[in-house]
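Per-entry structural report
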Amino acid sequence: MRYLFLFLMFAFWFASCTSNADSSTVLVNADFKPLEVDLEDLLNAGKFPPDTLITISYDHFFKRKKRFKAYSLAAILKPLVKNIKDTSNLRITFTCTDGYAPNMSLSKVLNNDGYIAVQDLDQSAAGKDWADSLAAKFRPFYLVWQGTGKTDDTFAWPFGLAEIRIASFIEDFADAYPMHNKAAQKGFNLFQLHCMKCHSINKVGGVMGPEFNYPKSITEYWQKEDIWNFLRNPQSYRYSAKMPAIGNLSSEEFEEIYGYLKSMKGVKPGM
Ligand code: HEC
């Protein structure tokens, strides 16, 4: 009897050890809980790597070569994601103070040289982080990339970057994804790349510009031609429009985006 008891104790101990190990080290996407991190909190907690001085050969905001004081983004992220076995289906969203919220594949971010910049080293004002005209919009952080092409728009360059969120694609994008409409999936990818950082579909996406699908699809109250013309020259519709002109979209790509927007008509969040 005593041996049986000991045996049972051992069996329970063994079982609980192995199941613990499972839940902490074998995090697969399905049970990955979204991770949200306030970057200033992380910095204040001493969890940033040492800062470095970097040169960016072509900065996508300043449109020229720039030097910054910055922190390696991969070095910030690696400890946060070290227990995740498979990062392939995870997205990282960069949430900014003005509602801009671009997202990228986490693997791509980990495999490239992103930096969180905190000071512009080219400006004349000594001791300041950013030029006065930029400080309010650039703080707390500005994300830049080393070694990406001048025309590569698959990297996000957000300023006013405050928070990062890491979640599985399904967790964050299911409500905006045309799951059962294969033809619209290319349009979704293009929308995600070009529009979703500012516009949401079923509340998924940035909140800098208006929502396009909930409760009513924009395709029900804006003509296709007007959407196309607006996105290429917003100020030709509203002198005060806050949307920057999108110049790098072909009419074929727009057709795909429009097809996607139409396919989402009537699809509600949670469906
Ligand atoms: C950098 C942010 C940003 C991006 C990227 C962006 N938009 Fe906008 N968009 C806005 C803002 C802000 C407005 C509100 C315009 C205004 O101030 O009148 C807007 C308005 C619009 C409107 C007018 C809608 C309405 O009901 O007033 C359309 C149409 C539009 N955007 C289409 C697009 C499409 C399509 C894309 C992607 C190809 C896109 N936008 C990308 C920020 C953006």
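No experiment lies behind these values; they were computed from the predicted model shown. Sequence order as written defines residue numbering, which begins from 1 separately in each chain. Given that the model is predicted, a residue must reach a pLDDT of at least 70 before its local features are reported, and side-chain atom pairs must reach 80 or more before they are shown or counted; all residues, however, enter totals for whole chains, interfaces and linings. By convention in this description, side-chain values take in all heavy atoms of the structure and omit both hydrogens and water.

1. Here we look at the overall build of the protein
This is how it is decided: Where helices and strands are cited, they refer to DSSP runs of H or I of at least four residues and of E of at least two residues respectively, numbered from the N terminus. Under the scheme applied here, a residue whose accessible area is under 20% of the maximum for its type counts as buried, over 50% as exposed, and between as partly exposed, the area being computed with a 1.4 Å probe on protein chains only. Contacts are residue-level and defined by heavy atoms, with any inter-residue pair within 4.5 Å sufficient. Every accessible area reported is derived by Shrake-Rupley at a probe size of 1.4 Å, with residue values counting cover from the shown protein chains alone.
The secondary structure content of the protein amounts to 9 helices and 10 strands. When the 271 residues of the protein are sorted by exposure, 41% land in the buried category. Sequence-distant contacts in the protein: of pairs separated by 6 or more residues, those separated by 24 or more amount to 61%. Carbon and sulfur atoms provide 56% of the accessible area of the protein, an area that totals close to 15,100 Å².

2. Section: the site of the ligand
Where we set the bar: Residue proximity to a molecule or strand is established when one non-hydrogen atom of the residue lies within 4 Å of it. As used in this structure description, the phrase polar contact means that two N or O atoms lie within 3.5 Å; if the pair is within protein, one of them must be able to donate a hydrogen and the other to accept it, and residues adjacent in sequence are counted only when both atoms belong to side chains.
As a matter of local geometry, the ligand sits amid 21 residues, with Cys 195, Cys 198, His 199, Lys 242 and Met 243 nearest to it. For the ligand, an oxygen atom lies 3.3 Å from a polar atom in the side chain of Trp 222. One of the side-chain N or O atoms of Arg 238 is found 2.9 Å from an oxygen atom in the ligand. The element contributing the most residues to the shell around the ligand is helix α8 (residues 224-232), with 3 residues.

3. Things to note about the packing of aromatic side chains
Let me state the cut-off plainly: Centres within 6.5 Å are what make two rings of Phe, Tyr or Trp a pair, Trp counting through its six-membered ring; a difference in plane orientation under 30 degrees is then read as stacked, over 60 as edge-to-face, and the rest as tilted. Charge-over-ring contacts are defined here by two conditions on Lys NZ or Arg CZ: a distance within 6 Å of the ring centre and an angle within 35 degrees of the ring normal.
The full count for this structure, using the stated rule, is 28 aromatic pairs. Aromatic pair Trp 222 and Tyr 237: ring centres 6.2 Å apart, planes at 25°, arrangement stacked. Placement of Trp 222 in the loop between β10 (204-205) and α8 and of Tyr 237 in the loop between α8 and α9 (251-263) is noted, with a sequence separation of 15 residues between them. In this structure an aromatic cluster arises from ring pairing among Phe 61, Phe 62, Phe 68, Trp 130, Phe 138, Tyr 142 and Phe 159. Cation over ring: Lys 66 sits above Phe 62, and NZ or CZ is 4.3 Å from the ring centre.

4. Re the coordination of the iron atom of the ligand
In plain terms, the rule: Donors, by definition, are the N, O and S atoms found within 2.8 Å of a metal, the threshold being 3.2 Å for Na, K and Ca, and water is not counted, so a site can look incomplete. Between 85 and 135 degrees for all angles marks four donors as tetrahedral; over 155 degrees for opposite donors together with 65 to 115 for all other angles marks four donors as square planar and six as octahedral; every other arrangement is irregular.
The protein atoms donating to the iron atom of the ligand are His 199 (NE2) and Met 243 (SD), with metal-donor distances spanning 2.0 Å. If you look at the iron atom of the ligand, its 6 donor atoms make angles of 86 to 178° with each other, and the shape they trace is octahedral. Of this pair, His 199 sits in the loop between α7 (185-194) and β9 (200-201) while Met 243 sits in the loop between α8 and α9, and the two are 44 residues apart along the sequence. His 199 sits in the buried class, given a relative accessible area of 9%.

Honestly, that's just the spatial picture; any functional story needs more than this.
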